[in-house]
Structures are given as C-alpha cells and as structure tokens.
Amino acid sequence: MTPPRISRLYLRMALYIGAAIAGFVLLGLVSLVLVASRQLESYLQAREGALGQEAAQVLAEGGTTALRRWMTAPGTVPEGVALYVLDAEGRDLDGKTLPVSYRRFVQRFVLAAGDDAANFEPIRLAPLLIDADGSRYAFLLLPERIAPWGSAATVAVLLAAALIVIAVVAGLIAHTFGRPITELQFAVRALADGRIETRTPAAVSQRADELGVLARDVDAMATQIGRLLGSRQQLMRDMSHELRSPLARLQAALALADRKQALPAAEYARITMELERMNQAIGDVLRFTRLEAEPMRAKHLLRLGELLATLVADERDEAATRDLRLVLSADDRLDVVGDPQLLRSGLENVLRNAIRHAPTGSDVLLEASGDDTTLTVTVEDRGVGVPPEMLERIFEPYVRLATDANDNRGTGLGLAIARRVFEAHGGSITAENALPCGLRVRIRLPRAC
Ligand SMILES: Nc1ncnc2c1ncn2[C@@H]1O[C@H](COP(=O)(O)OP(=O)(O)OP(=O)(O)O)[C@@H](O)[C@H]1O
Ligand SMILES: [Mg+2]
C-alpha cells in the first residue's frame, strides 16, 4: 500500500505549530498595541499639544527662572515624556543630562540656526524659544523610555500567556499522537502475550491519518495470525484424531499376535512400550489443542491438599524405581474451584518432570500453602535445573532443552498444557532455579471463597 501523498500527521503538526506561532504573534501585537502605543501616544500628544507654546509664553513673561519652575512643576509634562530646554551650550535648564548625539544635533541645527528664527515654531523637531534678551533655547521633548514589553508585571502576564499557549498546543499534540500510540502499544503487547483476539480501539482504527492506517494494519495482522493459528490447531487436532484409529488397530493386532505367541516376549514388550508412548503423545496433542479451543469444562470445589495427596500416591511407585522420595507438605483447607481432571493433569505434568529430572536417591518436594486470595503450590527437585534464558520458554509447546532432545520419553507439551490449565483457572505457573541446584516450579491459583 502506498502512503498518502500529503501526510495527515504532517498536516496536523503543521496546523498546531502554525496555531502556536499565530498565538505568539497575536500576543506580541496585543502587547505592542496595549503598551508601546500608549507610551508613544502620550509622547506624541505632548509634542503636538500646546506645551511648547506654553513654554514660550512662560519664558517671555518670567524669564528662565519662571521657565525652570514651570518645567519642573508636577503635571506640566505628561508621564513617560522628558522635557529638555537646552541653552546655547546644550545644557538643560534643569540640569538633566541628554545623550551627546542629541545635544550635538540640537546645538548644530537648532540653536545655531539663522537669526530669522522666531520664538517657537512648532513644526520643528526641537523648536526654538527666544528669551527677551535674545538668548536662544531649544525646546526638546523625548519619550522617557519606549519599552514594548512594558513593566515587569506585563512581562509576567505575557510569559504566563505564552506558557498557556504552549501547554494547549503541547496537549493537542499529545492528544493527537501520544494517546493513540499508547493504545496501539497496549494492543500490540496484548497480541504479543498471546491474546490473539485483541483488536485496536475504534477511536484509533477509525482515524483517517497514518496512525489509523497503522492500527488497521495491526488488526489485519492479528486476524491473519489468528487464522493461521486456528488452522494449525485444526490440523493438529485432525491429525491426532486420524492417527488414533490406526494406532488402536495396531494395538489390537499386537495383542492378537501375542495371544498366538507369534512374537518373542522382548519384541512384544518393546513394541507395546513404543505404541504406548505414541498413544501418550497423540493424547497430549489432542489435550493441548482442545484446551486452546475450550479451556475449562467442569467447575467443582476441590481440596488442593487431597488432589496433591492422590497424585503423590499414584506417582510413588514410579518414583521408587529410582529411589526418589516424594515429600508433600500441604496446609489444610486450601480450596480451589476448577476442573478436577484438568488440574490433576497440570500438576501431574509438573511432578512427572521433577521425577524425571531428579537425581537417583534424592527428594522431590511438594508444598502447598495459601493466603487470603491465592493458593501456591511449589514442586522442587534437585536436578540440574534449566538455563536462565530458558526458564520462560520451557512453557511454550514443543520446546525442550537440548539435553532432553534425545530423550524420546516426552513431546515437549507437558508444561504448555500445564500453563493453559492454570491460566484457564485464573492462575499462573512460573519456573525458577532453586539453590543449591534443581528446578522450582511455582503454581498460583485463586483461592475459593
Ligand atoms: N524439573 C525439570 N528439571 C529440568 N528441566 C526441566 C524440568 N521440567 C522441565 N524441564 C525442561 O523443560 C522441557 C519442557 O518440559 P515439558 O514438560 O513441556 O516437556 P517434556 O517433559 O519434554 O515432554 P512431555 O511433558 O510432553 O512428556 C523439558 O524437555 C525439559 O528440558
Ligand atoms: Mg514433561
């Protein structure tokens, strides 16, 4: 599938970033209009108003002393504007300092101008004031300070507004990209955990952008994997079924041959054993595939201690052939709700593994305990254990350690079946290496109330 020509995510990103820039420009304009223009306005008003004429009049009537008093009186000059009256040397009557460049400019172009200049010509940048004795003064109004960002409070307000714009835009971006990505991540993790029926939420898969396309691809992939798994299960089930009947006929023929004493006893025993193993393997495949399709059939209230005791009693003979001791310690009243046959087969698979891997003459320990909500069963042997990187993988179907690959007594389904069984009961099964040696398998089941 070719990607869309203009990326929708790109368009959204561009939209949000554009909105952020527009927000900042707007803030700048508002600040300029509200702050700077007000400052400028009062300066311009003062310049264009009658202030110069008033100064000329004060000078004419009361001389420089009156002019100095007038110019320093509060309220004469509007706020934000500075008034300079400069004599021929460029000194301000009030003693205020003026930047040198301004002073030079005024001296050169105002105070030293031709004699025909009249007292106060408002058109000029710095009109002349001429005293009764003919001394010339330059009348100069300057803005005190143009600060487009205004006072510290204005800056704080602007910064706060900018932060709000950033927060809103970042929130939009997170909402657009963050949430759907997290939801996709959840769905992919669920799929990776084997919950193959998981699909991405409609809110993501119905989006028109690339994230929506990705979500639909993930869904399509999950459907395809589900279909493949389904057909694999079906194949296994059908094959096992098909193998069962010829196997049963073989067993019957063998029994007949034995009755006619047509086979030497050693060959008969060997063939019987191999057929039995085949039967067992086919049974495992059938059980496993059935568990995948329909996890739990019956629900009974069971005493875990009793279940373990019968299991141990049944396996004791097998254990005795290798001089193993099965040591069971179980608390009283460990009740669990479940399918007795399934639970038994799950526990049996774990115990049989322990018996198979325990060194001759050692102990295999079974412990069952419980707290308010959970029952825990541990099965521990003193064998060689499992390499750490395989502790999780041994629960996958057909995974066997290289050391057991030549041992044809197993199919590699025992722990996979056990995991299905305990998970179907709302529990779990994990393995860890015990100290100083051996494997400890831990089963957790919800306690019945
Ligand atoms: N107690 C144990 N000590 C050491 N390795 C173990 C133990 N239990 C299981 N394993 C390893 O995990 C592998 C998978 O175990 P699983 O029970 O699934 O299969 P299996 O025992 O080989 O065959 P099956 O149980 O189907 O007859 C085993 O082949 C073995 O290598
Ligand atoms: Mg096994």
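You'll find the structure just up there.
Residues numbered from 1 in each chain as written. Chains lettered and ligands numbered in written order. Predicted model: local features only at pLDDT ≥ 70, side-chain atom pairs only at ≥ 80, totals over all residues. Heavy atoms only, no water.

Caption draft 1: Expanded view of the site of ligand 1. In the vicinity of ligand 1 there are 21 residues, among which Asn 353, Asp 381, Arg 400, Asp 404 and Leu 415 approach most closely. Arg 356 places a polar side-chain atom, nitrogen or oxygen, 3.4 Å from an oxygen atom of ligand 1. Measuring from an oxygen atom of ligand 1, one finds a backbone N or O atom of Gly 412 at 3.0 Å. If ligand 1 stood free it would expose 590 Å²; the protein chains cover 95% of that surface. If one sorts the elements of the shell around ligand 1 by residue count, helix α9 (residues 340-357) sits on top with four residues. (Near = heavy atom within 4 Å. Polar contact = N/O pair within 3.5 Å; in protein donor to acceptor, adjacent residues only side chain to side chain. Areas by Shrake-Rupley, 256 points an atom, 1.4 Å probe, with all protein chains shown as cover. Helix = DSSP H or I, 4+ residues; strand = E, 2+ residues; numbered from the N terminus.)

Caption draft 2: Structural view of the side chain of Glu 380. For Glu 380, the position within the fold is in strand β8 (residues 374-380). Assessed through its relative accessible area of 11%, Glu 380 is described here as buried. At 3.0 Å, the side chain of Glu 380 and the side chain of Arg 382 are in polar contact. With near-sequence residues (within four places) excluded, Glu 380 lies in contact with Asp 363, Val 364, Leu 365, Ala 434, Leu 439 and Arg 440. (Buried < 20%, exposed > 50% of the residue type's maximum accessible area, 1.4 Å probe, protein only. Contact = heavy atoms within 4.5 Å.)

Caption draft 3: Fine view of the nonpolar core. Leu 304, Leu 347 and Phe 422 are the most contacted members of the largest nonpolar core, which has 49 residues in total. When contributions to this core are tallied by element, the ones reaching two or more residues are α7 (265-293), α8 (304-320), α9, β7 (363-370), β8, α10 (414-424), β9 (428-433) and β10 (439-446). No other element matches α9, which puts seven residues into this core. Per-domain counts for this core show at least three residues from each of domain 2 (194-294) and domain 3 (300-446). In this structure, Leu 347 is in contact with Leu 304, Leu 307, Leu 308, Leu 311, Val 377, Phe 422 and Ile 443, ignoring residues within four places of it in sequence. One finds Trp 70, Val 77, Leu 93 and Tyr 137 within the second-largest nonpolar core, a separate group that totals 18 residues. (Core = buried A, V, L, I, M, F, W, Y, C linked by side-chain atoms within 4.5 Å. Domains from an automatic or database assignment.)

Caption draft 4: How the structure looks around the pairing of β7. Where strand β5 (residues 325-330) lies against β7, six bridges are found, and the strand directions are parallel. Bridge pairing in β7 places Ala 330 opposite Ala 368. Across six bridges, β7 lies against β8 in antiparallel orientation. Counted as the bridge partner of Ser 369 is Thr 376 from β8. Hairpin connection of β7 to β8: three residues between the antiparallel strands. (Pairing = 2+ DSSP bridges.)

Caption draft 5: Looking closely at unusual backbone geometry. Geometrically, the link from Leu 435 to Pro 436 is a cis peptide bond, its omega value of 0° lying close to zero. Residue placement: Pro 436 occurs in the loop between β9 and β10. Backbone geometry places Asp 323, a non-glycine residue, at a positive phi of 60°. Along the polypeptide, Asp 323 turns up in the loop between α8 and β5. Of the residues examined, Asp 323 reaches a relative accessible area of 56% and is grouped as exposed. The phi angle at Arg 333 is positive, at roughly 50°, despite the residue not being glycine. Along the chain, Arg 333 falls in the loop between β5 and β6 (335-338).

Caption draft 6: Just the sheet that holds β7, in detail. Here we have five strands laid out as an open sheet, ordered β5-β7-β8-β10-β9, and mixed in their pairing. In the strand order of this sheet, the two ends are held by β5 and β9, each with one partner. Here the strands of the sheet are splayed against their neighbours by 15° on average, with no regard to which way each runs. Sitting on the sheet, α8 touches β5, β7 and β8, and the angle it makes with β5 is about 175°. (Axes fitted to C-alpha atoms, helices over the stretch in contact; angles between N-to-C directions.)

Caption draft 7: Looking closely at the sheet that holds strand β2 (residues 128-130). Taking strand neighbours across the sheet as the criterion, the three strands line up as β1-β3-β2 in an open arrangement whose pairing is antiparallel. The sheet is open, and its two borders are formed by β1 (81-86) and β2, each paired with just one other strand. Going across the sheet, the axis of each strand differs from the next one's by a mean of 25°, ignoring polarity. Strand direction decides the pairing type here: β2 and strand β3 (residues 136-143), joined by three bridges, are antiparallel. The residue bridging Leu 128 from the neighbouring strand is Ala 138, located in β3. Across the sheet, helix α3 (residues 100-111) touches β1, β2 and β3, and the angle it forms with β3 is around 135°.

Caption draft 8: Structural context of α9. Spanning 18 residues, α9 covers 26 Å between terminal C-alpha atoms, matching the ideal 26 Å at 1.5 Å per step. Its side-chain oxygen at 3.1 Å from the backbone nitrogen of Gln 341, Asp 339 defines the N-terminal cap of α9. (Expected span 1.5 Å × (residues − 1).)

Caption draft 9: Molecular detail of the packing of helix α4 (residues 152-192) against helix α6 (residues 210-259). Following both chains from N to C, one finds α4 and α6 inclined at 10°, their axes separated by 11 Å at the closest point. Judged on the interaxial angle alone, α6 and α4 are roughly parallel. Across the interface between the two elements, Thr 176, Phe 177, Pro 180, Ile 181, Leu 184, Val 188 and Leu 191 from α4 touch Leu 211, Leu 214, Ala 215, Val 218 and Ala 222 from α6. When its residues are assigned to classes, the contact of α4 with α6 shows eleven nonpolar, one polar and no charged. (Parallel < 35°, antiparallel > 145°, perpendicular 65-115°, else oblique. Nonpolar A, V, L, I, M, F, W, Y, C, P; charged D, E, K, R; others polar.)

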